[in-house]
Amino acid sequence: MTDKPVSNNPLPNKERIKLPRQRVPEQEAQIRACNFHEVNLGFPPEMARQESLRCIECPKPGCIEKCPVSVNVRAVIDLILAGDYLGAASKVREDNALPAITGRVCPVEDQCESGCVLGKKGEPVGIAYLERFVADWERETGQFGSPVSAPATGKKVGLIGSGPASLACAGDLIQMGHQVHVFEALHELGGVLVYGIPEFRLPKDIVHHEINVLRRRGVVFETNVVVGKTVTIDELMHEEGFDAVFIATGAGLPRFLNVPGEHLNGVYSANEFLTRVNLMRAYRFPEFDEPLYPCKDRDVIVVGGGNTAMDAVRSALRLGAKSASIYYRRTEKEMPARVEEVHHAKDEGVHFEMLVNPTRFLGDEKGNLTHVECIRQELGEPDDSGRRSPVAIKGSEFTVPCQVAIIAAGTSANPLIQSTTPGLATTKRGYISANEDTLATSKPGVFAGGDIVTGGATVILAMGAGRKAAKSINEYLKGLNGAAVETEKAAVN
Amino acid sequence: MFPIVATRQVARGIKLFEIKAPRIAKKQRPGQFVIVRLDDTGERVPLTLADANPEAGTITIVVQGIGKTTMLLNMLEAGDSILDVVGPLGKPSEIENFGTVAVVSGSVGTAMAYPTARELKRAGNKVISIVGARSKDLLVLEDEVREVSDETYVLTDDGTAGEKGLVTKKLQELVDAGEVDYVLAVGPVPMMRACANVTAAKQIKTMVSLNSIMVDGTGMCGGCRVLVNNSSQFACVDGPEFDASQVNFDVLVQRNNMYREQEKASIERLQADPEGEVRKLRKSNAQHVCALEATLAEVAK
């Protein structure tokens, strides 16, 4: 028996590598800068086929190796070439519970696409666009390529948070036959996918659809439960009959710059700004009640260089800002944001000011922000992260007009669960300590993963943690069964 | 969905609600709050818990209609539902035997101070309640407060009930007499600030409950940040009660005015068609129940 499957690609390899990478259709920059509709429009079927034809079907596919959840990219592409889009979607779902989401927000240039051989000489296969294509096909045609679950085990697992780590974990656990109950603190499910990532990058309908797929498969979701306040981990395990718990509550508290004037009206954390705009739909005020400090015809400065900063600045632009700028203390090379996001922001008219850091926020007599004082920076020696750290240039202070400032300087651990769960060990920085391989915490039956363990990272890494947790929770639950059998035996004897 | 099981008009523009919320009822401690969102297009608004009945699975909130959401909420009746209620949030009030405590409250703040006063009494304190309002028809829960207090003083700005004057007048007398070991003040910002000023000279520990603007209520957004002892604190998780002598009230007032224009516009829209807004809310929440039932039916299949 040979491992090499029959390929649905009719072209010889030398023809395949000549094919150009398909450019995904986008809304035009000037138009999209004024609306919250999705920027990327996605591949139509013909483009998906053209792009799939480029895959040279490596015997050891680097794309699969580089994917944090090991999606069988090669098999997916072959199913697309066979015209079996639903089959392709099911294939993705075997390893990835949220393909329509990852197909949109994964930093693929560092993951699957970085493993593509074609990328060494030319451009890699557009794997993310293909993943998105099959997931969108499934959704838009009203079909569900969901795999069949294992027989019920009678074990109950509680997942805390409904972000990417939890949803990925839920997908796997339900597949394994366990009962899954997801608790969400906010009123809407999806975690960072709904409060953090804007509509133009990830439409909420898509998140809701993926959640509904899980719901149809039997996952129970409960909103408005702040674990640590509404109910504790111990109560879940001892009073509500959960056999295991997975904590995936995300990173939490916003970091501020701790410079004077940060309490002025108009100074936001990126978390608050994005939560108001995304979760609370403040961009549709007054149709929606939640207000937002106005950005229209104003100068908006976003401090930071990550994806959150890009999301904030591009949202400000769409809210009618007169100018929308990124102020970053290092150079573009060190910016943690995805290259595609930076390009999109630039095309839309975002201004980038590198090597600057705010020193002071200035306001009027009513306490409303009017200006920001900044200082120029230069790059010094590399720090712990390997990036050269910025050093202030003495006397280089300057003041710019700014009525809305958004601080996207990262987050720190939210202590809510740690402080209400006796026996749960934390790191020096307050994150939950979890075994790297099993994600088990110091407390039996309690697992943790995603940003609450690693600090702020990406959607797909959180999903990877969710899958890892599902696997070891499954092992743990099997062990419980073993223990139960042992106890019964002992009782008989 | 959180059903309203009973309502009672307790003063002009102030209404008491009993809401079915078993999880919150079980965990609630005095001083904590909930965040409510009335319907699909609603904003998230923090409201202090006035009481809870764990057996019945209900919580009590007392709401003064001052913004769009609270005005709309006050038009709802038993049988209506609130889409989202989350809590209990924030740290509970500090309860220990301080000796003699003065619980000072203004208008709707009395409902928030009441459960703490009751707990302080249970903890062995001598509780002196000072209840104030602009006018008689704005006084709330006076009887309940009397029941849990050793002494109760009522003051109104216009003299229509109790003594004429501000609550600080009475507090000053007690402080001057050296009778007070601990003060809790809950009410409008100017009242809390004035209380802080009264007790500052004698360094009597005074706690105030801060009503800053919130979104998530779990520490995630930082919108509720207040300046306490010159450092940033989040009212939702570090508070809502803080040592009054360390609170920067100017920053609190300034930040609470951040959305003044939008709030005004929202109230005007509500007042243009209040009945229509209530109908819209009822319809939207009913649809939610229908959608949920449909999904459950499908899952069952």
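See the structure printed just above.
Here goes a summary of the coordinates provided.

Calculation criteria
- The numbering scheme is per chain: residues are counted from 1 as the chain's sequence reads.
- Naming scheme: in the order in which they are written, chains are lettered from A and ligands are numbered from 1.
- Reporting of local features is limited, given that this is a predicted model, to residues whose pLDDT is at least 70; pairs of side-chain atoms are given and counted only at 80 or more, and all residues count toward the totals for whole chains, interfaces and linings.
- With hydrogens and water set aside, each side-chain value is computed from the structure's full complement of heavy atoms.
- Each helix is a run of DSSP H or I of at least 4 residues and each strand a run of E of at least 2, with the numbering of both proceeding from the N terminus.
- We take the radius of gyration over the C-alpha atoms and set the globule estimate at 2.2 Å times the residue count to the 0.38 power.
- The classification of residues rests on relative accessible area computed with a 1.4 Å probe and restricted to protein chains. Under 20% of the type maximum is buried, over 50% is exposed, and intermediate values are partly exposed.
- Contacts: residue pairs with any heavy atoms within 4.5 Å of one another.
- All accessibility values rest on the Shrake-Rupley procedure with a 1.4 Å probe; residue burial counts only the protein chains present in the view.
- In summary, the charge assignment counts Lys and Arg as positive and Asp and Glu as negative, without counting His or the chain termini.
- The location of each charge is read from NZ of Lys, CZ of Arg, CG of Asp or CD of Glu.
- Any two strands with at least two DSSP-identified bridges between them are counted as paired.
- Working convention: axes come from line fits to C-alpha atoms, limited for helices to the stretch in contact. Angles between N-to-C directions cover 0 to 180 degrees.
- Each helix crossing is assigned a hand: it is left-handed if the near helix lies turned anticlockwise from the far helix by less than a right angle, otherwise right-handed if that turn is clockwise.
- Ten residue types, Ala, Val, Leu, Ile, Met, Phe, Trp, Tyr, Cys and Pro, are classed as nonpolar, four, Asp, Glu, Lys and Arg, as charged, and the remainder, Gly among them, as polar.
- Two parts placed together each lose some accessible area under a 1.4 Å probe, and adding up what both lose gives the buried area.
- For this analysis, a salt bridge means a side-chain nitrogen from Lys or Arg found within 4 Å of a carboxyl oxygen belonging to Asp or Glu.
- Two N or O atoms count as a polar contact when they lie within 3.5 Å, although within protein this holds only if one can serve as hydrogen donor and the other as acceptor, and sequence-adjacent residues are included solely when both atoms are side-chain atoms.
- Working definition of a nonpolar core: buried Ala, Val, Leu, Ile, Met, Phe, Trp, Tyr and Cys residues. They are joined through side-chain atoms within 4.5 Å.
- The scheme is simple: roughly parallel for angles under 35 degrees, roughly antiparallel for over 145, roughly perpendicular for 65 to 115, oblique for anything else.
- Note that the arc is computed from the directions linking the helix axis to the C-beta atoms.
- Consider the strands pointing away from the viewer: the crossover is right-handed when the path from the first strand over the helix to the second runs clockwise.
- A pair of aromatic rings is counted whenever rings of Phe, Tyr or Trp (Trp by its six-membered ring) have centres within 6.5 Å, and the orientation is called stacked for planes under 30 degrees apart, edge-to-face for over 60 and tilted otherwise.

**Quick look at the overall build of chain B**
Consideration 1: Per the secondary structure count, chain B includes 10 helices and 16 strands.
Consideration 2: Radius of gyration (C-alpha) of chain B: 20 Å, near the 19 Å computed for a compact globule of 301 residues.
Consideration 3: The buried share of chain B, reckoned over its 301 residues, is 57%.
Consideration 4: When contacts within chain B are restricted to residue pairs at least 6 apart in sequence, long-range pairs at least 24 apart make up 67% of them.
Consideration 5: Counting only carbon and sulfur atoms, one obtains 50% of the accessible surface of chain B, whose full area is about 12,300 Å².
Consideration 6: Chain B carries 35 positive and 39 negative side-chain charges, and their two centres are separated by 3 Å.

**A short note on unusual backbone geometry**
Negative phi characterises most residues that are not glycine, and trans characterises most peptide bonds.
Consideration 1: Here the residue pair Phe 285 of chain A and Pro 286 of chain A is connected by a cis peptide bond, since its omega of 10° sits within 30 degrees of zero.
Consideration 2: Position of Pro 286 of chain A relative to the elements: it lies in the loop between α14 (270–279) and β7 (299–303).
Consideration 3: In this structure, Pro 240 of chain B follows Gly 239 of chain B across a cis peptide bond, with omega equal to 10°.
Consideration 4: Topologically, Pro 240 of chain B is positioned in the loop between α7 (235–238) and β16 (241–243).
Consideration 5: Here the phi dihedral of Asn 224 of chain A falls at roughly 60°; this positive angle occurs in a residue that is not glycine.

**Topic: the sheet that holds strand β9 (residues 351–354) of chain A**
All names here are of chain A.
Consideration 1: The strand order across the open sheet built from five strands is β6-β14-β7-β8-β9, with neighbouring strands paired in parallel fashion. Either end of the sheet is taken by a strand with one partner, and the two such strands are β6 (267–269) and β9. In this sheet, adjacent strand axes meet at a mean angle of 20° when their direction is disregarded.
Consideration 2: The pairing of β7 with strand β14 (residues 404–407) spans four bridges and is classified as parallel. When the bridges of β14 are listed, Val 300 appears paired with Val 404.

**Some thoughts on the packing of helix α3 (residues 45–52) of chain A against helix α9 (residues 127–140) of chain A**
Residue and element names in this part refer to chain A.
Consideration 1: Axis separation between α3 and α9 bottoms out at 10 Å; the angle between their running directions is 145°. Classified by chirality, the crossing of α9 by α3 is left-handed. Counting all contacts with α3, which are made through Pro 45, Ala 48, Glu 51 and Ser 52, the residues of α9 involved are Leu 130, Phe 133 and Trp 137.
Consideration 2: Each residue belonging to the contact of α3 with α9 can be placed in one class, and the counts come to five nonpolar, one polar and one charged.

**Some remarks on the interface of chain A and chain B**
Consideration 1: Between chain A and chain B, the contact holds 49 residues from the first and 47 residues from the second.
Consideration 2: When the two sides are added together, the surface that chain A and chain B hide from each other amounts to roughly 4,100 Å², 53% of it contributed by carbon and sulfur.
Consideration 3: Together, Lys 229, His 263 and Asp 289 of chain A form the three largest contributors to the area buried by chain A at its contact with chain B, with a combined 19%.
Consideration 4: At the junction of chain A with chain B, the criterion picks out five salt bridges.
Consideration 5: Taking the shortest distance from any N to any O, the salt bridge between Glu 239 of chain A and Lys 26 of chain B comes out at 2.9 Å.
Consideration 6: Inspection of the chain A/chain B interface yields 24 residue pairs in polar contact (both at pLDDT 80 or more).
Consideration 7: Listed by contribution, the elements that provide at least two residues to the side of chain A that touches chain B are α12 (204–216), β5 (252–254), β6 and α14 of chain A.

**Quick word on the pattern of salt bridges**
Consideration 1: Enumeration according to the criterion identifies 61 salt bridges over all chains in this entry.
Consideration 2: Two residues, Glu 188 of chain A and Arg 281 of chain A, come together in a salt bridge whose shortest N-O distance is 3.2 Å. Taken as a pair, Glu 188 of chain A in the loop between β2 (179–183) and α11 (192–195) and Arg 281 of chain A in the loop between α14 and β7 lie far apart in primary sequence, 93 residues in all. No difference in accessibility class separates Glu 188 of chain A from Arg 281 of chain A, as the two residues are buried.
Consideration 3: Here Arg 193 of chain B and Asp 250 of chain B are joined by a salt bridge, their closest N and O atoms 3.0 Å apart. Here Arg 193 of chain B, found in helix α6 (residues 189–200), pairs with Asp 250 of chain B, found in helix α8 (residues 249–256); they are 57 residues apart in sequence, far enough to count as distant.
Consideration 4: What emerges from the salt-bridge pattern is a single network uniting Glu 26, Arg 32, Glu 109, Arg 201, Asp 311, Arg 314, Arg 318, Arg 338, Glu 340, Glu 341 and Glu 348 of chain A.

**Notes on the nonpolar core**
Consideration 1: Ile 101, Leu 159, Phe 246 and Ile 473 of chain A are the most contacted members of the largest nonpolar core, which totals 80 residues.
Consideration 2: Here this core takes nine residues from helix α18 (residues 459–492) of chain A, the largest share from any one element.
Consideration 3: If you look at the next biggest cluster of nonpolar residues, it comprises 56 residues, including Val 226 and Val 303 of chain A together with Ile 130 and Met 191 of chain B.

**Here we look at the packing of α3 of chain A against helix α5 (residues 73–81) of chain A**
All names here are of chain A.
Consideration 1: Across the interface, α3 lies against α5 with an axial gap of 9 Å and an inter-helix angle of 130°. In terms of axis orientation, α3 runs oblique to α5. Here α3 runs over α5; the crossing is left-handed. Contacts between α3 and α5 pair Ala 48, Arg 49 and Ser 52 from the former with Ile 77, Ile 80 and Leu 81 from the latter.

**Here we look at α3 of chain A**
Residues and elements named next belong to chain A.
Consideration 1: Buried within α3 we find Met 47, Ala 48, Glu 51 and Ser 52. All buried residues of α3 project into a common sector of 135° when viewed along the axis, lining one side.
Consideration 2: Elements that come into contact with the buried residues of α3 comprise α5 and α9.

**A short note on the side chain of Arg 93 of chain A**
Consideration 1: As for its position among the elements, Arg 93 of chain A is in helix α6 (residues 85–95).
Consideration 2: Of the polar contacts made by the side chain of Arg 93 of chain A, one reaches the side chain of Glu 210 of chain A; its length is 2.8 Å.

**A few points about the side chain of Asn 278 of chain A**
Residue and element names in this part refer to chain A.
Consideration 1: Counting through the fold element by element, Asn 278 comes out in helix α14.
Consideration 2: In terms of polar contacts, Asn 278 uses its side chain to reach the backbone carbonyl oxygen of Tyr 195, at 3.2 Å.
Consideration 3: If we ignore the near neighbours within four places in the chain, the residues touching Asn 278 are Val 194, Tyr 195, Gly 196, Ile 197, Pro 198, Glu 199 and Lys 204.

**Examining the pairing of strand β8 (residues 100–106) of chain B**
Consecutive residues of a regular strand have side chains that alternate between opposite faces of the sheet.
All names here are of chain B.
Consideration 1: In terms of residue burial, β8 counts as a mostly covered element, since seven of its seven residues are buried.
Consideration 2: Here β8 shows no split at all, with Thr 100, Ala 102, Val 104 and Gly 106 on one side and Val 101, Val 103 and Ser 105 on the other all buried.
Consideration 3: Where β8 lies against strand β9 (residues 126–133), seven bridges are found, and the strand directions are parallel. Opposite Thr 100, over in β9, you have Lys 126 as the bridge partner.
Consideration 4: Regarding topology, helix α3 (residues 109–122) serves as the crossover connection from β8 to the parallel β9, and that connection is right-handed.
Consideration 5: Strand direction decides the pairing type here: β8 and strand β12 (residues 182–186), joined by five bridges, are parallel. By the bridge assignment, Ser 105 is partnered in β12 with Val 186.

**A word on the packing of aromatic side chains**
Consideration 1: Enumeration over the complete set of coordinates arrives at 11 aromatic pairs over all chains.
Consideration 2: Measuring from centroid to centroid gives 5.7 Å for Phe 183 of chain A and Phe 242 of chain A, while their planes differ by 65°, and the two rings are edge-to-face. Here Phe 183 of chain A, found in strand β2, pairs with Phe 242 of chain A, found in the loop between α13 (233–238) and β4 (244–247); they are 59 residues apart in sequence, far enough to count as distant. No difference in accessibility class separates Phe 183 of chain A from Phe 242 of chain A, as the two residues are buried.
Consideration 3: When the centroid spacing of 3.6 Å and the interplanar angle of 5° are considered together, the rings of Phe 98 of chain B and Tyr 182 of chain B count as stacked. Here Tyr 182 of chain B lies in strand β12 and Phe 98 of chain B lies in the loop between β7 (84–89) and β8, a separation of 84 residues in the sequence. Considered together, Phe 98 of chain B and Tyr 182 of chain B belong to a single accessibility category, that of buried residues.

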